[in-house]
Amino acid sequence: MDKSLERFLRYVKVDTQSDDTSFSVPSQAKELDLTRLLQSELKDMGIESHINEFGILYGKLPGEKGLDPIGLNSHVDTALECSGKDVKPQIIKNYDGGYIHLNDTYKMSPAEFPTLGEHIGDDLVVTSGDTLLGADDKAGIAIIMAVLYHYVTHPEEKHHPICFCFTPDEEIGRGPDHFNAKEFGAKYAYTVDGGIWNEIATETFNAAHATVIISGVSIHPGEAKGKMVNAANVAMAFDAELPPLKRPQFTEYKEGFNHLVEMSGGCDSAVLRYIIRNHSREELEIQKGEFRAAAKAVEEKFPGAKVELDIGDDYRNMKEILDKHPEAVDQAVKAFHSLGFEPVFQPIRGGTDGATFSFKGCPTPNLGTGSYNHHGRFEYLSVKEFRRMIDIVKQIVKA
Ligand SMILES: [Zn+2]
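What counts as what
Residues numbered from 1 in each chain as written. Predicted model: local features only at pLDDT ≥ 70, side-chain atom pairs only at ≥ 80, totals over all residues. Heavy atoms only, no water. Donors = N, O, S within 2.8 Å, 3.2 Å for Na, K, Ca; no water. Helix = DSSP H or I, 4+ residues; strand = E, 2+ residues; numbered from the N terminus. Phe/Tyr/Trp six-rings, centres within 6.5 Å; stacked < 30°, edge-to-face > 60°. Buried < 20%, exposed > 50% of the residue type's maximum accessible area, 1.4 Å probe, protein only. Lys NZ or Arg CZ within 6 Å of the ring centre and 35° of its normal. Pairing = 2+ DSSP bridges. Axes fitted to C-alpha atoms, helices over the stretch in contact; angles between N-to-C directions. Contact = heavy atoms within 4.5 Å. 1 Å grid on protein atoms, 1.4 Å probe; cavity = no way out; pocket = protein on both sides within 12 Å on 5 of 7 lines; lining within 4 Å. Points joined across faces, edges and corners; volume = space filled by probe spheres on them. Nonpolar A, V, L, I, M, F, W, Y, C, P; charged D, E, K, R; others polar.

**Q** Tell me about the coordination of the zinc ion, and name the residues and values.
**A** At the metal site, the zinc ion is ligated by His75 (NE2), Asp136 (OD) and Asp193 (OD), and these contacts range over 1.9 to 2.2 Å. Mapped onto the sequence, the residues coordinating the zinc ion show the spacing H-x60-D-x56-D. Remark: Asp193 occurs in the loop between β9 (188–192) and β10 (199–200) and His75 occurs in strand β3 (residues 70–75); sequence separation between them is 118 residues.

And the structure:
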């Protein structure tokens, strides 16, 4: 087995699940188990790195003088939806296109997971059915480590200075909180954190959230006539005022949405929490306006009810920055072409840490890893595509 696949299999066995209920940084100390393992493997390669107080590992492999330092990033943590403890990866050699039996209960086939049909003849890494695989984003880490190893063991091949960092807590949205573009030192960078290998992501959503706090008038139901204003009824009316077709289940591609994440309350008071998403900033502002209009409308329909609306921005579409600094995308496209591949540009229906890196001063599109069905037991890695991404990233940083 080649070293890059060995590394990947070693990394997925380390439990690094982050925790959104924790206030510590990183959210789980066990995330550092992998970060420290990476540091010791880097040391064995002769590459210096340091882990700062926020659990971020930064390092640099010096390259040709005068060339732009290029950055690479992946996250060490795994998703919350599925356990990442005791991951037992299985290798399916030369996949025949039929059922893959993960264990006695779970199996997968191209009928349920159409992308599998594109991997006939590939070697696949799958789970044992009890956990996620953690290719998101340990495949990204293994790709970066393979590129570093390649250039350390081939000193005759000239390359750009490579700045790299491995971050905790991406899955709980805190990955880039403590990212420092100066400490990183790259002119531009790539998160290696996608699925489909040839997708370059340069667009994310613009993200905002709305909290709606409704106060009603609570009174004994026996004496309620003409007096009671039930906050729970107002809450339902509020949600009904928003355009129903802008719910996530009715949107795709570049259509934005308003998503009711949580709702609680009773007669006296009720709370609704939404996330608001759109690739276009103008359209995001229009959606915010719909929330304000809904608040006004229900206050008119339910005299005596009070609606408090709190709208805030979260992250922004990185396209704004990448359009102004096209070097990162140009360099990636050049690398794909020089290896005879055509990249695909697909806007992300979500965010990436790279969006925040970009706004913090380091333009950072996202690259794929050749892994699929993230965040669950059906996650798998195509070894062929994973190796191809190693070649592409090697090519990106090549002098
Ligand atoms: Zn990820």
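**Q** Please provide a residue-by-residue account of the packing of aromatic side chains, values included.
**A** With the rule as written, the count across this model stands at 15 aromatic pairs. Centre to centre, the rings of Phe238 and Phe291 are 6.2 Å apart; their planes meet at 50 degrees, and the pair counts as tilted. With Phe238 in helix α5 (residues 231–241) and Phe291 in helix α6 (residues 281–301), this residue pair connects regions lying 53 residues apart in the sequence. The pair formed by Phe238 and Phe291 is uniform in burial state, with each residue classed as buried. Ring pairing ties together the aromatic residues Tyr58, Phe179, Phe184 and Phe357, which thus form one cluster. A cation over a ring is seen here: Arg377 above Tyr106, with NZ or CZ 4.0 Å from the ring centre.

**Q** Account for the sheet that holds strand β11 (residues 206–215), with residues named and values stated.
**A** Pairing is antiparallel across the open sheet formed by four strands, whose spatial order is β12-β13-β11-β14. Each edge of the open sheet is held by one strand with a lone partner, namely β12 (257–265) and β14 (306–313). Geometrically, the sheet is characterised by an average inter-axis angle of 15 degrees between neighbouring strands, direction not taken into account. Pairing between β11 and strand β13 (residues 269–278): 10 bridges, direction antiparallel. The residue of β13 that forms the bridge with Ala208 is Ile276. Contacts from α5 reach β11, β12, β13 and β14 within the one sheet, and its direction differs from that of β13 by about 15 degrees.

**Q** Break down the layout of surface pockets for me, with residues and values.
**A** Estimated volume of the largest pocket: approximately 1,300 Å³. By residue class, the composition of the lining of the largest pocket is 11 nonpolar, 14 polar and 13 charged. In this model, the second largest pocket occupies a volume close to 160 Å³. As for the second largest pocket, its lining consists of Asp2, Lys3, Ser4, Arg7, Ala146, Tyr149, His150, Arg387, Ile390, Asp391 and Lys394. Going through the elements one at a time, α1 (3–12), α3 (135–153) and α10 (383–397) are the ones with two or more residues in the lining of the second largest pocket. Class assignment of the residues belonging to the lining of the second largest pocket gives a composition of three nonpolar, two polar and six charged.

Everything listed here is a matter of coordinates, which is why it stays silent on function.
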